[in-house]
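Report on the structure
Given next are the chains, with one letter for each unit.
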Amino acid sequence: MNTVNKRGTTPNNGDWAIEANELVKNFGNNRAVDNVNLNVRAGTIYGVLGPNGAGKTTTIRMLATLLRPDAGSARIFGHDVVKEAQIVRQLIGVTGQYASVDESLSATENLVIFSRLLGLGRAEARRKAEELLEEFSLTEAAKRPLKNFSGGMRRRLDLAASLIAQPPLIFLDEPTTGLDPRTRNQMWDTIRRLVKTGSTVMLTTQYLQEADELADRIAVIDRGQVVAEGTVNELKASVGTSSLQLSIQNSKDIQVARQIVERMLQVQSNVSAEGGKITAPMKEADRATDLLIALREAGIQLAELSVQKPTLDEVFLTITGQEVKENEAKASTESHKTEEIRG
């Protein structure tokens, strides 16, 4: 897929796909989006995290010209979302949380109709439908009624429909919600391929692993505001240091080992009651080498050693004060069975 839009519009800003400045949206007395600033480089995947009601979807709807901002401004490849809304719409594709396909039609019929509505000729529309069905592994189900599709197949078809015009910028609003892990991984592969062929993706999600796997940069939105922004590693580093965990083979050595850890790392450590484990914060990972040498010189044998960075879950919890519920277990037990039967 190239990124030239079939309707003849090409981006005119090679550096920034999205530039949002002080975006505001009110619904009555509720300020859903409160002075949001975002800058998304072309050719990247940009993740937007936040709890339910944080303002993620409202922000995307303003960027996609579906809602008019009450204040602030936004540009898509240099085009103003309010003053040049028609041009912006030719540069984007939007896939929401729920499929927008017609269940009374087959997958092929859905894609052909969407293609015709976008101005493609009959033969080109059918060719495009076949191409997208193959891309999203739906060729075998092309003529099957959508009422027999699993949730994952419908979501893939919805994404395929949004890509008919090959838009340079794709908004994915929680595209894998409710999918089983296997189907989610397939969607991740598709998203990566889109970016490799030149598209830019803005992805909202509540699955922290999804953001960790895909996003080049992440913005955390809470109560309508961007409360943190950066790469995954930058966000992890912002909430704390890595932790070193040691399991000592001989429990008699635990106190000596603890003293060595504290001396070498210049920190206070903790000893758990389970299995003689020592846990200590570690700001510089390369100090682990010096520590291992010191332990070996003291004749202390280790059963296990690990260095753990803060998880994205810990980042989210620290920044927003809320836990994110990932329904992976439910998806695995319910949706996976459906996908196996129908897919």
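Residues numbered from 1 in each chain as written. Predicted model: local features only at pLDDT ≥ 70, side-chain atom pairs only at ≥ 80, totals over all residues. Heavy atoms only, no water.

Quick notes on the overall build of the chain
The helix and strand tally for the chain stands at twelve helices and 14 strands. Counting every position in the chain, which comprises 343 residues, the buried fraction comes to 46%. Taking all contacts inside the chain whose residues are at least 6 apart in sequence as the whole, residues at least 24 apart take part in 70%. Accessible surface, the chain as shown: approximately 17000 Å² in total, 45% of it carbon and sulfur. (Helix = DSSP H or I, 4+ residues; strand = E, 2+ residues; numbered from the N terminus. Buried < 20%, exposed > 50% of the residue type's maximum accessible area, 1.4 Å probe, protein only. Contact = heavy atoms within 4.5 Å. Areas by Shrake-Rupley, 256 points an atom, 1.4 Å probe, with all protein chains shown as cover.)

Points about the packing of helix H9 (residues 254–265) against helix H10 (residues 287–297)
Closest axis-to-axis distance for the H9/H10 pair is 10 Å, and the angle between their directions is 145 degrees. Judged by the twist between their axes, the crossing of H9 over H10 is right-handed. For the pair H9 and H10, contact is made by Ala257, Ile260, Val261, Met264 and Leu265 and by Arg287, Asp290, Leu291, Ala294 and Leu295, respectively. For the contact of H9 with H10, a count of residues per class yields eight nonpolar, no polar and two charged. (Axes fitted to C-alpha atoms, helices over the stretch in contact; angles between N-to-C directions. Left-handed = near helix turned anticlockwise from the far one by under 90°. Nonpolar A, V, L, I, M, F, W, Y, C, P; charged D, E, K, R; others polar.)

Some words on the packing of helix H3 (residues 107–117) against helix H5 (residues 151–162)
Packed helix pairs are specified by the crossing angle of their axes together with the interaxial distance, meaning the distance between the axes. It is at 10 Å that the axes of H3 and H5 come closest, and there the two elements cross at 20 degrees. Considered as vectors, H3 and H5 are oriented roughly parallel to each other. The handedness of the crossing between H3 and H5 comes out as right-handed. Mapping the contact onto sequence places Ala107, Leu111 and Phe114 in H3 and Leu157, Ala160 and Ala161 in H5. (Parallel < 35°, antiparallel > 145°, perpendicular 65-115°, else oblique.)

Examining the pattern of salt bridges
Pairing between side chains of opposite charge can happen when the charged atoms of each approach one another. Taken as a whole, this structure holds 14 salt bridges when the rule is applied. A salt bridge links arginine 127 to glutamate 124; its shortest N-O distance comes to 3.9 Å. Residue arginine 127 and its partner glutamate 124 are both found in helix H4 (residues 122–135); the two are separated by three residues, about one turn of the helix. Take arginine 127: its relative accessible area is 39%, and that puts it in the partly exposed class. In this structure glutamate 124 comes out as partly exposed when scored by relative accessible area, which is 31%. Glutamate 234 is the partner of arginine 217 in a salt bridge, and the nearest nitrogen-oxygen pair spans 3.8 Å. (Salt bridge = Lys/Arg side-chain N within 4 Å of Asp/Glu carboxyl O.)

Considering the packing of aromatic side chains
The description of two aromatic rings rests on the distance between their centres and on the angle between their planes. Inspection of the entire model under this criterion finds zero aromatic pairs. In this structure, arginine 41 packs its charged tip against the face of tryptophan 16, placed 4.2 Å from the ring centre. Taking the ring centre of tyrosine 207 as reference, the NZ or CZ of arginine 184 above it sits at 3.8 Å. (Phe/Tyr/Trp six-rings, centres within 6.5 Å; stacked < 30°, edge-to-face > 60°. Lys NZ or Arg CZ within 6 Å of the ring centre and 35° of its normal.)

A closer look at the confidence of the model for the chain
Across the chain, pLDDT averages 82, with 85% of residues at or above 70. Confidence over residues 1–9 falls short of pLDDT 50; this stretch has 30 contacts with residues more than four positions distant or in other chains. Of the regions scoring below 50 in pLDDT, residues 324–343 engages in 42 contacts with residues more than four places distant in sequence or in other chains. (pLDDT = per-residue confidence, 0-100.)

Some points on unusual backbone geometry
The phi angle of most residues is negative, glycine excepted, and most peptide bonds adopt the trans form. In the Ramachandran plot, serine 137 falls in the positive-phi region, its phi being about 55 degrees despite a non-glycine side chain. Position of serine 137 among the secondary structure elements: in the loop between H4 and H5. Its relative accessible area of 57% is what places serine 137 among the exposed residues. Of note, the phi angle at glutamate 174 is positive, near 50 degrees, even though the residue is not glycine. The residue glutamate 174 is located in the loop between strand S7 (169–173) and helix H6 (181–196) in this model.

Let's talk about the sheet that holds strand S4 (residues 71–76)
Across the sheet, which stays open at both edges, the four strands sit in the order S2-S1-S4-S5 with antiparallel pairing between neighbours. At either margin of the open sheet sits one strand with a lone partner, and together these are strand S2 (30–41) and strand S5 (79–80). The pairing of strand S1 (residues 16–27) with S2 spans nine bridges and is classified as antiparallel. Paired with lysine 25 across the two strands is valine 33, which belongs to S2. Against the sheet, helix H1 (residues 56–63) contacts S1, S2 and S4, and its axis sits at roughly 120 degrees relative to S1. (Pairing = 2+ DSSP bridges.)

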